[in-house]
Amino acid sequence: MVSVVDLDTPKLPDIALDHDGYATAIAADGNKHLAADANLLRTAILDNFATGGTNTGTKVFAPTKASTQQIEVHNKTGTRYGNQGTTVFAGTANRYKDAYALKTTDGGALILFSHTHTQTDAVAHSGLQINPGEDDRAWLHDVPRTSITYTFVCNDAATVPAKAEPSRLIGYTCARTDASGPPVSSWSDRA
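Residues numbered from 1 in each chain as written. Predicted model: local features only at pLDDT ≥ 70, side-chain atom pairs only at ≥ 80, totals over all residues. Heavy atoms only, no water.

Draft legend 1. A look at the overall build of the chain. Scanning the chain from N- to C-terminus turns up five helices and six strands. The linear arrangement of helices and strands in the chain, starting from the amino end, is β-α-α-α-β-β-β-α-β-β-α. Counting only C-alpha atoms, the chain reaches 70 × 30 × 30 Å along its principal axes. Looking at the chain residue by residue over its 191 residues, the buried ones come to 39%. Taking the intrachain contacts of the chain between residues at least 6 apart in sequence as the baseline, contacts between residues at least 24 apart amount to 69%. (Helix = DSSP H or I, 4+ residues; strand = E, 2+ residues; numbered from the N terminus. Buried < 20%, exposed > 50% of the residue type's maximum accessible area, 1.4 Å probe, protein only. Contact = heavy atoms within 4.5 Å.)

Draft legend 2. Focus on the nonpolar core. Counting 21 residues, the largest nonpolar core has L41, F61, I111, F113 and L169 as the members making the most contacts within it. Only α1 (38–51), β4 (109–123), β5 (147–160) and β6 (168–180) provide two or more residues apiece to this core. Top contributing element to this core by residue count: α1, with five residues. When neighbours within four sequence positions are excluded, I111 is seen to be in contact with A28, L34, A36, A38, L41, Y100, A101, D156, A157, A158 and V160. Core analysis: the second largest hydrophobic core is formed by seven residues, I130, L140, I148 and A179 among them. (Core = buried A, V, L, I, M, F, W, Y, C linked by side-chain atoms within 4.5 Å.)

Draft legend 3. Up close: the state of the cysteines. Within this structure, the stated rule accounts for one disulfide. Paired through a disulfide, C154 and C174 show a sulfur-sulfur distance of 2.1 Å. Disulfide C154 to C174: torsion about the S-S bond roughly 110°, handedness right-handed. With C154 in strand β5 and C174 in strand β6, this pair connects stretches of sequence that are 20 residues apart. On the basis of relative accessible area, C154 is assigned to the buried category, the value being 0%. Taking relative accessible area as the criterion, C174 reaches 32% and is therefore assigned partly exposed. (Disulfide = S-S within 2.5 Å.)

Draft legend 4. Quick peek at the packing of α1 against helix α3 (residues 65–77). The geometry of α1 relative to α3 is characterised by a closest axis approach of 6 Å and an angle of 35° between their N-to-C directions. Contact residues: α1 offers I45, N48, F49, A50 and T51, while α3 offers S67, Q70, I71, V73 and H74. Partitioning the contact of α1 with α3 into residue classes produces five nonpolar, five polar and no charged. (Axes fitted to C-alpha atoms, helices over the stretch in contact; angles between N-to-C directions. Nonpolar A, V, L, I, M, F, W, Y, C, P; charged D, E, K, R; others polar.)

Draft legend 5. Molecular detail of the packing of aromatic side chains. Tallied over the full model, the rule gives two aromatic pairs. A centroid spacing of 5.8 Å and a plane angle of 35° characterise the contact between F49 and F89, whose relative ring orientation is tilted. On the criterion of sequence distance, the pair formed by F49 in helix α1 and F89 in strand β2 (residues 85–91) is long-range, its members being 40 residues apart. You'll find F49 and F89 in the same group, each marked buried. Among the aromatic residues, ring-to-ring pairing joins F49, F89 and Y172 into one connected group. (Phe/Tyr/Trp six-rings, centres within 6.5 Å; stacked < 30°, edge-to-face > 60°.)

The structure is reproduced here in structure tokens:
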């Protein structure tokens, strides 16, 4: 199994080894011996992007570089258009539901999992348009849009304690996998 995640630090927690010296795999979902499972971690990450961590993000995760960075993405990206447009983050169907956990020597776990989220940028009123950037042209060409929904697939890594304490998001890596949106009406009329 391979998972690629940009970690905040190269130091991982100490992994519990079995009697043969191999890492001890444990259930990443539904594990009652952990403070959080992969599904709750996904929910908290999506909340970091969608609300700045208001609902579950800051309750599930202790502040780390990775969780703070997600909240900053929400705060900065959500206000970048001012009164000319909006940006909304949301969870979306996640094709990559597998999650992997290794038991740590303190009884917790290192959990590796994926999540998928969208970012929808929209103009505030008619007469405005969003011009696709260079990185978006594979999906959107050079056609101006009234809104664009970007889809991101991300790999995440978190350490989870065995007792009821906050988990720590220790890294995540996201890649844009799609972009779509309706063209402005003047372009639609030409088609």
